[in-house]
Amino acid sequence: MSTSSNNMALTGEPPKALNVQQKLATLLGMSGLGILVLALFNIDFPNKGLWLTISLVAISFGVIWFSWASYAHKHKGIKNDGVWFKSISSHGLWGWLSGIALTGFYIVLYFYPQYLGLVKDGDNQGVIALFDPLSKLLSGNPASQWFVYGTLYTVAILAFGIKFIWKYRHNTYEKIRTISVMFFQTAFAFLIPEIMARLNGDLPYYDFKNIWPLNYYNFEKYRITAFIDAGDIGLAMLIFGILSIFVITPILTYKFGKRWYCSWVCGCGGLAETAGDSFRHLSDKRLFAWNVERWVIHSVVVFVTLMTTAVVYSYLGNDSSKYWLTKSTFLIGVASILTAVFAWVMIYKREQLQKDAQYGAIGYFVIIAALLGFHFFSGDGNIFLFKAETLRKTYAFLIGAVFSGVIGVGLYPIFGNRVWCRFGCPMAAILGFQQKLFSKFRITTNGGQCISCGNCSTYCEQGIDVRAYAQKGENIVRSSCVGCGICSAVCPRGVLKLENGPLEGRINPTEVLLGNDVDLMDLVNKK
Amino acid sequence: MQQKLRHNVQQLIDMEHIVIIGNGIAGITAARHIRKLSDKKITIVSNETDFFFSRTALMYVYMGHMKFEHIQPYENWFWKKNRIDLVKGYVTNVDHTNKNLIFTEGEKIGYDKLIIATGSKPNKFGWPGQDLKGVQGLYSKQDLDLLEKNAPNNKVCKRAVIVGGGLIGIEMAEMLRSRNIPVTFLVRETSFWNGVLPDGESQMLNEHILEHHIDLRLETNLKEILSDENGHAKAVITDTGDTIECNVVGLTPGVSPNIDFLKESGIELGRGVKVNRYLETNIKDIYAIGDCAEQHESIGNRRPIEAVWYTGRMMGEALAQTICGNRMQYNPGHWFNSAKFLDIEYQTYGWVFSSQGKKKYEAHFHWRHPEEKICVTIAYQKDDRKFLGINTFGIRLRHEIFDRWLTEERSIDYVMEHLKDANFDPEFFADYENDIISKYNSDFATDITPRKKSWKRILNL
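Residues numbered from 1 in each chain as written. Chains lettered and ligands numbered in written order. Predicted model: local features only at pLDDT ≥ 70, side-chain atom pairs only at ≥ 80, totals over all residues. Heavy atoms only, no water.

1. Side note on the packing of aromatic side chains
Turning to step 1, where the next piece is worked out: The full count for this structure, using the stated rule, is 56 aromatic pairs over all chains.
Turning to step 2, where the next piece is worked out: Taking 5.3 Å as the distance between ring centres and 55° as the angle between the ring planes, the aromatic pair formed by Phe-53 of chain B and Phe-68 of chain B counts as tilted. Placement of the pair is Phe-53 of chain B in the loop between strand 2 (41-46) and helix 3 (58-62) and Phe-68 of chain B in the loop between helix 3 and helix 4 (78-81), with a sequence separation of 15 residues.
Turning to step 3, where the next piece is worked out: The exposure class assigned to Phe-53 of chain B is buried, which follows from its relative accessible area of 3%.
Turning to step 4, where the next piece is worked out: Ring geometry for Phe-185 of chain B and Phe-192 of chain B: centres 5.9 Å apart, planes at 55°, overall tilted. Here Phe-185 of chain B matches Phe-192 of chain B in class, with each residue buried.
Turning to step 5, where the next piece is worked out: Through a chain of ring-to-ring contacts, three or more aromatic side chains come together here, namely Phe-105, Tyr-106, Tyr-110, Phe-111, Trp-146, Tyr-149, Tyr-153 and Phe-397 of chain A.
Turning to step 6, where the next piece is worked out: Here the guanidinium or amino end of Arg-385 of chain B rests over the ring plane of Tyr-380 of chain B, the centre of that ring lying 5.3 Å away. (Phe/Tyr/Trp six-rings, centres within 6.5 Å; stacked < 30°, edge-to-face > 60°. Helix = DSSP H or I, 4+ residues; strand = E, 2+ residues; numbered from the N terminus. Buried < 20%, exposed > 50% of the residue type's maximum accessible area, 1.4 Å probe, protein only. Lys NZ or Arg CZ within 6 Å of the ring centre and 35° of its normal.)

2. Thoughts on the pattern of salt bridges
Residue and element names in this part refer to chain A.
Turning to step 1, where the next piece is worked out: The final tally for this structure, using the stated rule, is 45 salt bridges over all chains.
Turning to step 2, where the next piece is worked out: Ionic pairing is found between Arg-418 and Glu-273, a salt bridge with its closest N-O pair at 2.7 Å. Of this pair, Arg-418 sits in the loop between helix 17 (412-415) and helix 18 (419-424) while Glu-273 sits in helix 11 (residues 267-274), and the two are 145 residues apart along the sequence. For the residue pair Arg-418 and Glu-273, the accessibility class agrees, reading buried in each case. (Salt bridge = Lys/Arg side-chain N within 4 Å of Asp/Glu carboxyl O.)

3. Focus on the sheet that holds strand 12 (residues 215-217) of chain B
All names here are of chain B.
Turning to step 1, where the next piece is worked out: If you walk across this open sheet you meet the 5 strands as 9-16-10-11-12, and the pairing is parallel. Two strands bound the open sheet, and with one partner strand each, they are strand 9 (135-136) and strand 12.
Turning to step 2, where the next piece is worked out: Strand direction decides the pairing type here: strand 10 (residues 160-163) and strand 11 (residues 183-186), joined by 4 bridges, are parallel. If you follow Ala-160 over to strand 11, its bridge partner there is Val-183. (Pairing = 2+ DSSP bridges.)

Right, dumping it as structure tokens:
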């Protein structure tokens, strides 16, 4: 359909035109960003603390002012007017430019931090130096590229979080959820680790809400050594890390679905839900994309499991008299856990997985075969032909940096805000597995009320074709659903509800919808 | 031998060619279910679009919430994969003696069974100027394209006048307001949609419409549309004597069956295509479903013609059974419907009539939130307090629960007591059951305490 404009105004027509306040707010925000860019080009600001404050305040207030100017004068309700007309949110010029700029930032951040001003064995320069005063205030140490990133990340979640709350101010679920991600980012990801570093410099940097396999490095040798060397606190942290994935996570996911993590706690989810909200509709909804998703994300799970096992294996010893956990006991342990999970799924949950069970079996046997391979074909520090270290580095580069950072966030304006969460995150895959098979969470479809309009599918950041279920009267039980609640919010007919209920009646394959002849419904459902 | 014969007959039935005119929800549902039940050859003819789309979602395309491709519920490969042939063309007549459809250029397509699912067309009541440029309804994809041309922004369209206070009228007003186009809304009734809604609800919507800066003019009819020198609408004159300058006139006084092409066909027509409870027309092997079908006799409180999404879908499901050898009546369950008026969601289950349509045996309980635009009306039978239906604005309710309560013929007291089971609002939303029930108690001098939500009851476990 043509949406061509008949006049030449660059700012366009309503609903995409900016009002005066929005323009001023953009100016304010951009000037804050401008200070950072000037610092990047080594403009030496005299009073760094002051200029950093000015910059961050300008960026934050720019965003908040912009949101206020966007929503304050409107009635509460869904605010999607013009989403597909605006250049930034419909693959237009601004979308591509911001995608390229963000991607560029991530490439520099991960691979060329020296361009941000990181100096080895010397004082920081450039934009990193601008952040030194804040870093020293918190941890006592000079800033690193990661501190700069962490600060900007937190500012983004807070400022865009306020925007999101404004936008969905009619929706209590969205408001509470957003306050939650804002809190967890500020406290757990940003402040606590820095303060802990100040209190006890020997403790490894630990963001407690980052759980293996998302923090794939958690069980590497240097961290384990640091945990153990730090005494009781360190040991407690290590045990917490193990409990997180094996005990806490399954319990919470059983009760609430994986949303407790992905859209209430996680930092990646936090950024996606706040700064990335304007891009949620860009996720690919095709069946093809779903097929790609399942292969890619589960391959990452296999990869991270093998990598972590290999890394731990490589630093364990062979002599059980020195330490109870040896190379072989460890491998047997891993194999037993995997076998137990696999057996449980195959015995009790086979029908729910259907065709996917085969893929699960393939994944399982690849891992088991590899584990056996470790045992029989590994020499000193070698896993098959690779060094464990090579495997780890490859993972860190491909998944940790390129996938989660460069593609995952850099390409928000191109592929949507949850590319990483949907295609790459092994944590999301494991939680999704739990959610699909063993959770009280579902999105209930309200009888026959669906009109197939497509708002739910369009605004699903995870690319789930929600409508495909809703129009058949089926509840949505999908492993990739992060429970953001937007499908329910944008539904004009009150068809969808996220809820935790009994396992019985959670999956309801209904072919003929409520409202029709009761006998016909029985008849068709029999087939 | 006999077995072979039976086999051959079966093969013939399998190869039967089912042709469906119209690719809306009724025709598409029929096609999908026929495919599920059989291997018959299926062809769908449409002159509107290549693929099925959700008509009720057209508004969101104009408002920029979605692109047109998003309101198509199935990906384009779906049809070929399911062996449903799509033909784009306009059927000018049906030759039922030779079982042929005749197209504009004289081409023909043969059928074994024909399903007419051609939907509706916007009503026009012979107003002077109703065919001027800039005057349009909002029903088809073509109407959407036309609106994009007529009202791309508030420079080209400085004001729009909408005539007809129904669901499409208010949708069209919302669409135009999303582009900051001033809208005047002419409504014949004394209050918006009060032919359908009880007064309290209708009044609340009047307020909400004004809140959205829509110039709502009640009890006002269109008299004439004035033309400029290029044959384009430039103003309307109302029966209250006002002249309102405008560039676009939206005509939304309802729809009627789109069946003009059948006038010479010999198929019995009333306002729509006349069908019996099996959705069969007077001519063998020709059926009609959806908006264009007219029941000989009303089913319950339903109208003989129901231009509603859900009805189209249910008829499609029922007819697919008949076509595939399991002859079955169209036997709809309890009435339900929903809509969204600007920011306010509306759901209804069972029957709640307006003050004009109210039955002798029917009484209402009404609750409205003191500040928010939220309200509920419950209809019940005066003598035995049987629950008849509920209208809800700004609160979502569970379809399944009300469907069950209607079947079980529960009393309004029972509904009140278990109202928390029926709440379908998102988690953490404020709930209003306690307020509603305390108003109920004070209205009827009852002493009902609401029971806690029970999953056991909700899921019938």
